[in-house]
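Summary of structural features
Spelled out from the first residue to the last, the chains are:
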Protein chains: 4
Amino acid sequence: MSLEKASSIQNDKRFSREHLLSLYNQVRAFSHHLVDPLEIEDFVIQPMESASPTKWHLAHTSWFFETFVLEKFDDSFQSLHPQYAYFFNSYYLQTGVPFTRAKRGLLSRPTVKEVFTYREYVDDQVRNFIEQCDDSVWEKASEVVEIGINHEQQHQELILTDLKYLLAQNPLLPTYKKTVNVDGSTPSDINWISFSKGIVEIGNEGNEFTYDNEHPKHSTFVQDFELADRLVTVGEYLQFMEDDGYKRSELWLDEGWSAVQAESWEAPLYWFIKEGVWHMFTLSGVQPINKNEPVTHVSYYEADAFARWKGVRLPTEQEWEHACGAQPIEGNFVDNDLMHPVAASNKEGLKQMYGDAWEWTMSSYAPYPGYKPLPGALGEYNGKFMANQYVLRGGSCATSKSHIRKTYRNFFHADARWQFSGIRLAK
Amino acid sequence: MSLEKASSIQNDKRFSREHLLSLYNQVRAFSHHLVDPLEIEDFVIQPMESASPTKWHLAHTSWFFETFVLEKFDDSFQSLHPQYAYFFNSYYLQTGVPFTRAKRGLLSRPTVKEVFTYREYVDDQVRNFIEQCDDSVWEKASEVVEIGINHEQQHQELILTDLKYLLAQNPLLPTYKKTVNVDGSTPSDINWISFSKGIVEIGNEGNEFTYDNEHPKHSTFVQDFELADRLVTVGEYLQFMEDDGYKRSELWLDEGWSAVQAESWEAPLYWFIKEGVWHMFTLSGVQPINKNEPVTHVSYYEADAFARWKGVRLPTEQEWEHACGAQPIEGNFVDNDLMHPVAASNKEGLKQMYGDAWEWTMSSYAPYPGYKPLPGALGEYNGKFMANQYVLRGGSCATSKSHIRKTYRNFFHADARWQFSGIRLAK
Amino acid sequence: MSLEKASSIQNDKRFSREHLLSLYNQVRAFSHHLVDPLEIEDFVIQPMESASPTKWHLAHTSWFFETFVLEKFDDSFQSLHPQYAYFFNSYYLQTGVPFTRAKRGLLSRPTVKEVFTYREYVDDQVRNFIEQCDDSVWEKASEVVEIGINHEQQHQELILTDLKYLLAQNPLLPTYKKTVNVDGSTPSDINWISFSKGIVEIGNEGNEFTYDNEHPKHSTFVQDFELADRLVTVGEYLQFMEDDGYKRSELWLDEGWSAVQAESWEAPLYWFIKEGVWHMFTLSGVQPINKNEPVTHVSYYEADAFARWKGVRLPTEQEWEHACGAQPIEGNFVDNDLMHPVAASNKEGLKQMYGDAWEWTMSSYAPYPGYKPLPGALGEYNGKFMANQYVLRGGSCATSKSHIRKTYRNFFHADARWQFSGIRLAK
Amino acid sequence: MSLEKASSIQNDKRFSREHLLSLYNQVRAFSHHLVDPLEIEDFVIQPMESASPTKWHLAHTSWFFETFVLEKFDDSFQSLHPQYAYFFNSYYLQTGVPFTRAKRGLLSRPTVKEVFTYREYVDDQVRNFIEQCDDSVWEKASEVVEIGINHEQQHQELILTDLKYLLAQNPLLPTYKKTVNVDGSTPSDINWISFSKGIVEIGNEGNEFTYDNEHPKHSTFVQDFELADRLVTVGEYLQFMEDDGYKRSELWLDEGWSAVQAESWEAPLYWFIKEGVWHMFTLSGVQPINKNEPVTHVSYYEADAFARWKGVRLPTEQEWEHACGAQPIEGNFVDNDLMHPVAASNKEGLKQMYGDAWEWTMSSYAPYPGYKPLPGALGEYNGKFMANQYVLRGGSCATSKSHIRKTYRNFFHADARWQFSGIRLAK
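Along each chain, numbering runs from 1 in the same order as the chain's sequence is written. Each chain takes a letter, starting from A, and each ligand takes a number, starting from 1, following the order in which they are written. Only residues with pLDDT of 70 or above have their local features reported here, since the model is predicted, and side-chain atom pairs are shown and tallied only from 80 upward, although totals for entire chains, interfaces and linings are computed over all residues. Calculated side-chain values reflect all of the structure's heavy atoms, with hydrogen atoms and water omitted.

A closer look at the interface of chain B and chain A
- With 29 residues of chain B in contact, the opposing surface of chain A contributes 29 residues.
- Once two parts are brought into contact, the accessible area they lose, counted with a 1.4 Å probe and summed over both, makes up the buried area. Here chain B and chain A share an interface that buries about 2500 Å² over both sides, 64% of which is from carbon and sulfur atoms.
- Considering only the side of chain B, the residues that lose the most area to chain A are B:Glu41, B:Leu106 and B:Arg109, jointly responsible for 28% of the buried surface there.
- A side-chain nitrogen of Lys or Arg and a carboxyl oxygen of Asp or Glu constitute a salt bridge if their distance falls within 4 Å. At the junction of chain B with chain A, the criterion picks out two salt bridges.
- The shortest N-O distance in the salt bridge between A:Arg109 and B:Asp42 comes to 2.6 Å.
- Here a polar contact is recorded for every N or O atom pair within 3.5 Å, except that within protein the pair must consist of a potential hydrogen donor and a potential acceptor, and residues adjacent in sequence are included only if both atoms are side-chain atoms. In this assembly, chain B and chain A are joined by ten residue pairs in polar contact (both at pLDDT 80 or more).
- Of all the elements in the fold, those that place two or more residues in the side of chain B that touches chain A are helix H4 (84-87), helix H5 (112-132) and helix H6 (135-169) of chain B.
- Tallying contributions element by element places H6(B) first for the side of chain B that touches chain A, with three residues. Whether two residues are in contact is decided by their heavy atoms: any pair within 4.5 Å suffices. A run of H or I in DSSP becomes a helix once it reaches four residues, and a run of E becomes a strand once it reaches two; helices and strands are each numbered from the N terminus.

Considering the sheet that holds strand E11 (residues 421-422) of chain A
All names here are of chain A.
- With mixed pairing, the four strands of this open sheet are ordered in space as E10-E9-E8-E11. Only two strands of the sheet have a single neighbouring strand rather than two, namely strand E10 (410-412) and E11.
- Paired strands, as defined in this entry, are two strands with at least two bridges between them according to DSSP. Pairing geometry for strand E9 (residues 390-393) and E10, over three bridges, is antiparallel. Looking across to E10, one finds that leucine 392 is bridged to asparagine 410.

Overview of the relation of the copies chain B and chain A
- Only residues with pLDDT of at least 70 in both copies count here: their C-alpha atoms drive the least-squares fit that superposes the copies. Relative to chain A, chain B is turned by 179° and slid 0.0 Å along the rotation axis, the superposed coordinates differing by an RMSD of 0.0 Å. Accordingly, the operation relating the two chain copies is best matched by a two-fold axis. The C-alpha atom lying nearest the rotation axis in chain B is that of B:Glu41; the distance is 3.0 Å.
- The share of interface residues of chain B whose copies in chain A are also at the interface is 100%, consistent with both copies meeting through the same surface.

Quick word on the arrangement of the chains
- Separated throughout, chain A and chain C approach each other most closely at a C-alpha pair spaced 15 Å apart.
- In this structure chain B stays clear of chain D, and the shortest span between their C-alpha atoms is 15 Å.

Remarks on the nonpolar core
- In terms of nonpolar packing, the biggest core is built from 251 residues, with C:Phe240, C:Ile423, D:Phe240 and D:Ile423 touching the most fellow members.
- Residue contacts for D:Phe240: discarding those within four places in its chain leaves D:Gly245, D:Tyr246, D:Leu251, D:Trp252, D:Ala305, D:Phe306 and D:Trp309.
- A:Leu160, B:Val145, B:Tyr165 and B:Ile404 belong to the second-largest nonpolar core, a separate cluster that totals 250 residues. Nonpolar core, defined: a set of buried Ala, Val, Leu, Ile, Met, Phe, Trp, Tyr and Cys residues in which side-chain atoms within 4.5 Å join the residues together. Using a 1.4 Å probe on the protein chains alone, a residue whose accessible area is under 20% of its type maximum counts as buried, one over 50% counts as exposed, and one in between counts as partly exposed.

Observations regarding helix H2 (residues 17-35) of chain A
All names here are of chain A.
- When the terminal C-alpha atoms of H2 are compared, their 28 Å separation across 19 residues agrees well with the 27 Å that a helix rising 1.5 Å per residue should span.
- Every buried residue belonging to H2 is among Arg17, Leu20, Leu21, Tyr24, Val27, Arg28, Ser31, Leu34 and Val35, and all of these are buried. Looking straight down H2, one finds that the buried residues subtend no more than 160° of arc, so they occupy a single side.
- Considering only its buried residues, H2 is in contact with helix H3 (54-73), helix H5 (112-132) and helix H6 (135-169). Each helix should span, by expectation, one fewer than its residue count multiplied by 1.5 Å. The directions considered for the arc run from the helix axis to the C-beta atoms.

Considering the pattern of salt bridges
Residue and element names in this part refer to chain A.
- One pass over the structure, following the stated rule, counts 88 salt bridges over all chains.
- Note that arginine 230 and glutamate 236 form a salt bridge whose closest N and O atoms lie 2.8 Å from each other.
- Arginine 230 sits in the buried class, given a relative accessible area of 3%.
- Given the relative accessible area of 12%, glutamate 236 is considered buried.
- Salt bridges sharing common partners tie together Arg28, Arg119, Asp123, Arg127 and Glu152.

Focus on the confidence of the model for chain A
- Per residue, pLDDT captures the predictor's confidence, and it can take any value from 0 to 100. Put simply, chain A has an average pLDDT of 94, and 97% of its residues get 70 or more.
- Two numbers describe this predicted complex: its pTM, 0.95, and its ipTM, 0.94.

A look at unusual backbone geometry
- Geometrically, the link from A:His215 to A:Pro216 is a cis peptide bond, its omega value of -15° lying close to zero.
- Here A:Pro216 lies in the loop between strand E2 (198-202) and strand E3 (218-222).
- With phi around 45°, C:Leu173 is a residue other than glycine that occupies positive phi space.
- Along the chain, C:Leu173 turns up in the loop between helix H6 (135-169) and strand E1 (192-195).
- You will see that C:Tyr270, though not glycine, has its phi angle at about 80°, which is positive.

Some thoughts on the sheet that holds strand E7 (residues 285-288) of chain B
Residue and element names in this part refer to chain B.
- Here three strands make up an open sheet; going across it, the order is E5-E6-E7 and the pairing antiparallel. Bordering the open sheet on either side are strand E5 (271-274) and E7, each of which pairs with just one other strand. The sheet shows a mean angle of 40° between the axes of neighbouring strands, taken without regard to direction. Note on definitions: angles span 0 to 180 degrees between N-to-C directions of axes, and those axes are lines fitted to C-alpha atoms, for helices only across the stretch in contact.

Things to note about the environment of C:Asn213
Residue and element names in this part refer to chain C.
- Here asparagine 213 lies in the loop between strand E2 (198-202) and strand E3 (218-222).
- Contact partners of asparagine 213, with chain neighbours within four places excluded, come to Tyr365, Tyr368, Tyr371, Asn382, Met386, Arg409 and Phe411.
- A distance of 3.2 Å separates a polar atom in the side chain of asparagine 213 from a polar atom in the side chain of asparagine 382.

Topic: the interface of chain C and chain B
- Between chain C and chain B, the contact holds 29 residues from the first and 30 residues from the second.
- For the pair chain C and chain B, the summed buried surface comes to about 2400 Å²; carbon and sulfur atoms form 56% of the total.
- Along the contact surface separating chain C from chain B lie zero salt bridges.
- Our enumeration of links across chain C and chain B arrives at 13 residue pairs in polar contact (both at pLDDT 80 or more).
- Among the elements of the structure, E3, helix H8 (254-263) and strand E8 (358-364) of chain C are those that each provide at least two residues to the side of chain C that touches chain B.
- Element by element, the count of residues in the side of chain C that touches chain B is highest for E3(C), at four residues.
- Amino acid classes used here: Ala, Val, Leu, Ile, Met, Phe, Trp, Tyr, Cys and Pro are nonpolar; Asp, Glu, Lys and Arg are charged; the rest, including Gly, are polar. Of the residues in the side of chain C that touches chain B, the class split is 15 nonpolar, ten polar and four charged.

Structure (structure tokens):
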């Protein structure tokens, strides 16, 4: 870090001890708020390889602070348990071989209670550290604390989506928690917002938290394009289904069609027919589908097939970011405590760019020109996943409002459906 | 049932209401005793397809009484929950499609507490039923109550073996419960007890509880044979290992050799090297292996290869049963609360025929001549498994003393290792 | 070998050089007769792991003579190609690691022509050896030559069944060769032949060729039983199908039912519906099913389910052998050049005990009491497969007449259907 | 097609009957030239799902002309065999369900001879058609004939790469055909050629044959970049290996590292150690590796890891195309009959842009802005594969010189190694 940057950090609210301590406390507490409605049994199970047990998320986010902050910057730090570093490492090979991901659901111990004890232990140490470490240490550590906070917010979203997936496996279809039901009114037809071709700036190097994958800020060229003013609704998606969308190979990417066959897809994840009517499983229980709300839990393949059926396409991530412009970060976030998307309003202009549903783009997840991962194990955070995944933008109803921004790049494999992923069209 | 039999039942202690109620209460309580040391998290996980979650066992044994006693004989019975019958059916296709076996570990609900509530509910109903049903109903139902009690004892053994398998997956190697450590003294060399060829009676139709697979009693011919007076010890098995037993294909059945390769077997299940010394995981924690005690957790393939290495063989189940003769049912059972085998004594004659370890026989599990399964769904209890499995005899340190007998036929696939299965030699 | 036995061999036609040379020539030539109708392309493919390419069979049977006769007894022998021993070993681990079984179909070379050259080369050497080796060598080698001849006959049957399986994968449904079509008349209803319980002798130690698995001759006890006088017909099996035999779980062994589900079985292998009528693929092309002929290409599971549906069972191998008694070895063998079963005659007594279809018994394949495998690698011929397979008796329409006998024990896994395997009932 | 274009076609050599007939004849004959060294057995086998039997390629390329030219434009056309359309369709779902790709190796019939008969039959019809169809028909059909010719050239490359993969499975390591060995001299160190940022034109709409995936021509923005003047050599790649390249997780994409583990990669495909020295299997037999020649048979993951190890990266496809500029199409193509890459010359400037090895780019295969697939089944040619694959540029030593061009986009999955795929670095 340059001296200049270092000095700016000292004066900067963003990196002040007070600010980060307060953020730390809020975000750590929010994890507890999220798991409050759970039974102990709900914390334990790994329903598929990609969906980890809740208690693992709670421990892993603590491990992150332990490993990248305390182990690294706090000489007096002692680990609570010598094996936790092995158990709760996700994929950072440079910090040691992690416990096999697919087996996270085989561990009944540490118990949930022990995991909470671990969290408390780490909290005590981190708070102490933030308050008392030397200025010269804080200069280096503050950035990592900020990453850890953002990292925990990411896992908060996964706690909800993994839990939804788990509960949906259970024929009892348990309810996570009852929430207000927001039907919304029927959105107007899609309006197309036009943008002109030209060189635009993409990426982010401003004075706010960003992941390394948003760097560097750079120029790119976009063609003339139009972007739909809102997300595709359940009602529109139903028309695709009723027009045999899941049966017409010509609408699908080759690997998408294979997935349709192999997985017998005939609707978004969590939809099923009950007494002749389409219902969906939500975190608030089973509901008849609501045509007004945005469709979610679709894969990239489904988003792409839907767009093809409409005669249009998905946006690139550059188009999305350019179009987003200076939109205020408002929308239906996890902060609303709904954990479910809601219908778009009928106001003019781009709507639902933030919140409700992550929006699949047609951009394969790749490094920006000149991208350099963080040094050391933290460089594994993003860079090594830049192959065979697709970028999603805008955050969802399970994302924290303070976590999202215009340049934020989320990414999943093309067949992933357990996130709140939806569709915005372009042409 | 013939009138004669019916009348005999009325006078019979075996089928008296008092006796069966008392047994019922004892056995049901023992299930609770077994799970007493567990954390809630331990009840939930299914570590492999064959090893069910503890809470599933607790519920399934209750479902058995619900389905085969209450539903069938008690007109006023109301189920506590309409879906439990689906959840907790194991494999009785004639009572409805069961929940997929491999997915028992995906169910966080019903919670452990709810399962206990279910057990209490069933207990209340069953006790009421035993005490108050009409004599004519009791005549038919009493036999099924007796089956249900024995069925629960079988699952008690599985609770322990499945739990052991689960805890062993966890690098923390948690202890189920501390028990007395019984090293025993070094057993004498194997003595061979001789038996002469001839027609012998096999099977059981006496006035005690038996499973249908022990019927009918029938004649068979055994050759001259000799039976080892005790189980093979850990020390003897270690010699086999040190003589490259796991590396010499000529000692193995073809499918056994494939298993050795595919699973990288080089010792019994739960053995591992720690600081250069063989240790084993037990329900009481990790211990250095004890050469005096009987080897357990070996597959049929290993038992067969060991015997071949010794130049002898495994007994047939007929030989075992004939040799067993009128031995009293004494041994190291779950009633001892050790949950681990102990070294043989040095008394004369056959030792360890009961308890310590199930003894693999070379007999494929098949119906006895003239075998007829029970009518209806209960006929699925045993008959449909009579292919591709091998018979084991004598019970183990996880079996209830009151559950085992000379004619008892247990059975597992040749590659199963998670039971307390050991080796007795014959020639 | 004892001196006595050795001297008897010298005088014995069975082991005379002339006799075995003549047999050798006949059997080797018959392999060529069998593959005469093939195109080169037909020799190459391995359609499933259990079904080897024809050229592999032709080479492997030569490898057997090379390895167990020439390499062992002929000091001057030179192998034609250093890698053939590796390529064409099937499963004899004591002679070296064989080429992976599942990959036999990946070898385009050696070509078919080269394989024939290899056969010729081995033939020349073996013939020379038989004619010219020392008497003292011949005493030991003659038994192995006899085994090699029988071994080749076994592979001749596999050539036909593996080829049938291959051609059936091809939507062109190619014909192996046209043969006479023998419809036969409708057999009478099954008559039951009764046998009384008692001690009977099983196995074979006579002066004829036998495999080690038929040894030793020994006593066993059979109960009273009745045996069906003929094989189950296609017509009878069709009734089982029409009575929802493939949909009623209560008729099936547990693993059989799993196979029905997993493989979507709804008829014997090679049956399919064409224009509303059941047809079957045969080596002579597609034909409507013929109700008079014995059903073949059923698994043990199907044979067992059929028997259960009829309220009877399959015979044990001891019952079959005892019942067979002194029946002359007559029947529909590969010598008839039909390669397809034919309807039973209406003569009195047991019919079709030999030929037409291998008959599933309910006996798991196990060593006879006192069984000792041959020494060395030849001991792997039979012994190591004695687990998880079922015994079949009597030979089929693809078996050589000179290869079968009363005590012959064939064995396959319970789900195997590509052999000419059929059903004889017992009760 | 517009009238204007139609009229231009008439006058255009590119679409003249004479020109296309001549091309047709040359290309069809070249397929026969390629398979000339093969034994019949070599035509039959499918060594992995992606590598089809040679006879399938020969038939499929004929099917293409049959389906898209003859069936569509020639009313009098009669198919030679009704099932060939089903057998030899690769993946065009709009023309009917194709025979399962993974089972192409199960078909011994049609024989190789029959496939040649089929080719002849199609040739006769196509030649007739080209010469005699009405002008109005030719206007539409000529474009499809041209696609068919290019399609056959693509399969010619696959014939070689699939065959190489097949022969390499065989421990005999058969030689396809002996060729001249070209060691070359040691290339100079890599020189970096610089290019300045700016808007560049990508894609192709000129009057030459192009695939739809090269359309439309469009603007894009490239940053400043430098491109290596030649391909990475075997010698350079060996340094990566010797620096533990295959053991250092930090050099690899996450899925690349998984592939390294799962497949035990430790060198490019076809490399193996023989007597302590690295050798490689080539179409001309086994050779010690040649440090001067370009490394080939590496996956995208290996190319990416190598670049990371060097501290640089792979080029984007836009950079590659822009840099290529007006380079003449010269290089080591299949026309040289070497079927193996050769060392770069030491001339100034970009070398080996064409031929030798396909060059992995870091660009995920995606539609160009405004891309429209061809109408009908031909639209499946390219478009549906635009997900989860990476673009390669420049052609290889198995590509026809007349088939490649600056804008040509080839694509494979990131783990594919059986193509002649190599590495050019950028930074």
